[in-house]
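Listed below are the residues making up each chain.
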Amino acid sequence: MSRPPVIAIDGPAGAGKGTLARRLADYYHLPHLDTGLTYRAVAHMLIAKGWPLGDAPHAVEAARLVDLGSLDKAILSAHAVGEAASKVAVLPEVRKILVDKQRAFAAQPSGAVLDGRDIGTVVCPGATIKLYVTASAEVRARRRLAEIEANDGAGDFATILADIVRRDERDMGRADSPLKPAADAHLLDTSEMDIETAFLAARALVDDALAKGSKA
Ligand code: C5P
């Protein structure tokens, strides 16, 4: 019998991996975990209690309390929480606790879709299929600005671009589990693609991997 499918999706902030992960999870009827929310939950707890983000003992306590069933996307999506999450995410003790929870999610009998920064490299190195979704920093900044404006907000392109570049540097430059494609990941550059095109390209890769998996 073939193993339950695990779809691992990694990439930098704003590349479209979250949307892609949700679409694939819907299409293949698999549970989905946005692992960024787990780091955001730790950062949010620290901010709420007024504890410094680099305070490892408190961050560990917060990480232990993270419950995958009650991650509130509306609260955790705030821009400031994302920035704070990338600071908390450099702490190896925090990563270890969250990675254990993420692996338990991936091990469900149904299979699962997980998206983040280190899914293919660390959390699920044996995933059925690994996608590394990228787009140029300029394209990601333009998309982010369009999203803000669609919600009646206002933003400044140069500031958004600078934030994205800074977050990339932090995520790619950290010592523990830096953002990078797994050696066996399929690269999907969405700079020139709309979401539908990216979804169809991802589906073709997943279908291929599933067909190979069922023959194994
Ligand atoms: O994807 P999202 O923007 O929600 O992630 C917030 C931050 O959490 C990232 O910038 C990254 O530092 C961290 N993260 C991580 N590993 C993951 C998912 C997110 O380090 N698997």
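Chains are numbered independently. Their residues run from 1 in the order of the written sequence. Where local features are concerned, this predicted model is filtered to residues with pLDDT of at least 70; where side-chain atom pairs are given and counted, the filter is 80 or more; whole-chain, interface and lining totals use all residues. Hydrogen atoms and water are omitted, and side-chain values are computed over all heavy atoms in the structure.

Draft legend 1. Structural view of helix 9 (residues 157-173). Given a rise of 1.5 Å per residue, 17 residues ought to cover 24 Å, and the 24 Å separating the end C-alpha atoms of helix 9 matches this to within 8%. The cut-offs for exposure are 20% and 50% of the maximum accessible area for each residue type, with area from a 1.4 Å probe on protein chains only; residues under the lower value are buried, those over the upper are exposed, and the others partly exposed. Secondary structure follows DSSP: runs of H or I at least 4 residues long count as helices, runs of E at least 2 residues long count as strands, and numbering of each begins at the N terminus. Among the residues making up helix 9, those that are buried are Ile160, Leu161, Asp163, Ile164, Arg167, Asp168 and Asp171. All buried residues of helix 9 fall inside an arc of 160° around its axis, so they share one side. Turned more than 90 degrees away from the buried face of helix 9, the exposed residues are Glu169 and Gly173. Check the buried side of helix 9 and you find it contacts helix 2 (36-49), helix 5 (79-88) and helix 8 (137-150). To estimate how far a helix should reach, multiply one less than its number of residues by 1.5 Å. It is the directions from the helix axis to the C-beta atoms that the arc portrays. In what follows, residue pairs with any heavy atoms lying within 4.5 Å of each other are defined as contacts.

Draft legend 2. Molecular detail of the domain arrangement of the protein. What the domain assignment reports for the protein is domain 1 (1-16 + 119-203) and domain 2 (32-107). Domain limits in this description derive from either an automatic procedure or a database domain assignment. The centre of domain 1, based on its C-alpha atoms, is set 19 Å off from the matching centre of domain 2. Between domain 1 and domain 2, the contact holds 14 residues from the first and 15 residues from the second. By buried area we mean how much accessible surface two parts lose on assembly, using a 1.4 Å probe and totalling the loss over both. Both faces combined, the contact of domain 1 with domain 2 buries some 1200 Å², and carbon together with sulfur accounts for 49% of it. Area buried by domain 1 at its contact with domain 2 is led by Val123, Arg167 and Arg170, which between them contribute 40% of it. Criterion for a salt bridge: a side-chain nitrogen of Lys or Arg within 4 Å of a carboxyl oxygen of Asp or Glu. For the interface between domain 1 and domain 2, the tally reads 2 salt bridges. Whenever a nitrogen or oxygen atom comes within 3.5 Å of another N or O atom, the pair is scored as a polar contact, on the condition that within protein one atom can donate a hydrogen and the other can accept it, and that pairs from neighbouring residues in sequence are kept only if both atoms are in side chains. At the surface where domain 1 touches domain 2, the tally comes to 4 residue pairs in polar contact (both at pLDDT 80 or more). Sorting the residues of the side of domain 1 that touches domain 2 by element identifies helix 7 (119-123) and helix 9 as the ones contributing at least two each.

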